Amino acid sequence: MPLSPERAGASAGTRTLLLLAPYVVVALVNVVASFLGAAAVAALVKPFLMPLLLIPFVVLVARRSVAVLVVGVIALVFAWAGDIAPGFIGMLVFFLCMQLAYIVLFARWSRTRVPPLWTIVYALWWLVLVGVIGPHAGSLLIPVAIYGLALGSMAVLAAGTHALTTIGAALFLVSDSLLGMAHFVPAFAYPGHDGVVILTYTAGQLLIVLGIVRLEAESHFRPR
């Protein structure tokens, strides 16, 4: 006997929660450890974050779109590489590749949706970011500016897709902004800074993935 749409939806929701539970638990451990200053614990669990997010992404998307699956996996693998990169520059390069992959994914759904007018705030954010970091960046000013453009473009495109990806991309932008500011302007760091960075990062990645899954499900079941 087939399930009703309501029961089918509830079953799918429960399955999604179970798949994401390991990521959420490890993310919480990372966040709490970062707020408490337990750097060794935070460093120990951080490499497990993206693999634990990659697994549910693959399971939830695999039967719907090979293109979305491949690009999404590429994005999360680059995010994982950024997480374990030994230096700031390596992290920047890997995260830039991740941003470009997300841009490709969001462009898939943004072609017929115009980003809302409020996304002009991302242009202002970029100007402020470059203005504040610029005097301290030295030879890295141009790479940082390019990275900021990619990050802002990703957030703008996300705003034209789904509420979850919109919020997730905004949180990721906040996380990277805080990280970059503290790196180039050490005086900007404040108590609990690392905790806020990892909280916005892990929550942002989770919402981005959930948004992509929702978008792909909607396009898969939309009448042709």
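Reading the values: the criteria
- Residues numbered from 1 in each chain as written.
- Predicted model: local features only at pLDDT ≥ 70, side-chain atom pairs only at ≥ 80, totals over all residues.
- Heavy atoms only, no water.
- Helix = DSSP H or I, 4+ residues; strand = E, 2+ residues; numbered from the N terminus.
- Rg over C-alpha atoms; globule rule 2.2 N^0.38 Å.
- Buried < 20%, exposed > 50% of the residue type's maximum accessible area, 1.4 Å probe, protein only.
- Contact = heavy atoms within 4.5 Å.
- Areas by Shrake-Rupley, 256 points an atom, 1.4 Å probe, with all protein chains shown as cover.
- Lys, Arg positive; Asp, Glu negative; His and termini not counted.
- Charge placed at Lys NZ, Arg CZ, Asp CG, Glu CD.
- Core = buried A, V, L, I, M, F, W, Y, C linked by side-chain atoms within 4.5 Å.
- 1 Å grid on protein atoms, 1.4 Å probe; cavity = no way out; pocket = protein on both sides within 12 Å on 5 of 7 lines; lining within 4 Å.
- Points joined across faces, edges and corners; volume = space filled by probe spheres on them.
- Phe/Tyr/Trp six-rings, centres within 6.5 Å; stacked < 30°, edge-to-face > 60°.

**As for the overall build of the protein chain**
Then comes step 1: On a plain count of helices and strands, the protein chain comes out with nine helices and zero strands.
Then comes step 2: Reading the protein chain from its N end, one meets helices and strands in the order α-α-α-α-α-α-α-α-α.
Then comes step 3: For the protein chain, whose C-alpha radius of gyration is 18 Å, the value lies close to the compact-globule estimate of 17 Å for 224 residues.
Then comes step 4: Projecting the C-alpha coordinates of the protein chain onto the three principal axes gives extents of approximately 65 × 40 × 25 Å.
Then comes step 5: A total of 224 residues make up the protein chain; the buried ones form 45% of that total.
Then comes step 6: The contacts of the protein chain with a sequence gap of at least 6 include a subset with a gap of at least 24, amounting to 73%.
Then comes step 7: Accessible surface, the protein chain as shown: approximately 11,400 Å² in total, 76% of it carbon and sulfur.
Then comes step 8: Positive and negative side-chain charges in the protein chain, numbering 11 and 6 respectively, have mean positions lying 12 Å apart.

**Description of the side chain of Thr-202**
Then comes step 1: Along the chain, Thr-202 falls in helix H9 (residues 193-221).
Then comes step 2: Those residues in contact with Thr-202 that sit more than four places away from it in its chain are Tyr-23, Ala-27, Val-31 and Leu-49.

**Brief notes about the nonpolar core**
Then comes step 1: Residues Phe-57, Tyr-102 and Ile-212 are the most contacted members of the largest nonpolar core, which totals 55 residues.
Then comes step 2: A per-element tally of this core places helix H5 (residues 88-110) first, with 11 residues.
Then comes step 3: The residues touching Tyr-102, leaving out its near neighbours within four places in the chain, are Ala-75, Leu-76, Met-154, Gln-205, Ile-208 and Ile-212.

**Some thoughts on empty space enclosed by the protein**
Then comes step 1: Evaluated as defined, the whole model comprises one cavity of 30 Å³ or more.
Then comes step 2: One number sums up the size of the largest cavity: a volume of about 150 Å³.
Then comes step 3: Considering the residues around the largest cavity, the lining is formed by 16 residues, among which Phe-88, Leu-92, Tyr-147, Asp-176 and Gly-180 are closest to the centre.
Then comes step 4: Mapped onto the lining of the largest cavity, the elements with two or more residues apiece are H5, helix H6 (120-137), helix H7 (141-158) and helix H8 (163-184).

**Regarding the packing of aromatic side chains**
Then comes step 1: All chains considered together, the criterion is met by eight aromatic pairs.
Then comes step 2: Ring geometry for Phe-95 against Phe-172: centres 5.8 Å apart, planes inclined by 75°, an arrangement best described as edge-to-face. One end of the pair, Phe-95, is in helix H5; the other, Phe-172, is in helix H8, and 77 residues separate them in sequence.
Then comes step 3: With relative accessibility at 4%, the residue Phe-95 sits in the buried group.
Then comes step 4: Looking at Phe-172, the relative accessible area reads 0%, which means it is buried.
Then comes step 5: Between the aromatic rings of Phe-188 and Tyr-190, the centroid separation amounts to 6.2 Å while the plane-to-plane angle is 80°, which identifies the pairing as edge-to-face.
Then comes step 6: Judged by its relative accessible area of 31%, Phe-188 is partly exposed.
Then comes step 7: Under the relative-accessibility criterion, Tyr-190 is labelled partly exposed at 32%.
Then comes step 8: Members of the aromatic cluster, each reached through a chain of ring pairs, are Phe-95, Phe-172 and Tyr-201.

Nothing here speaks to function; it is all geometry.
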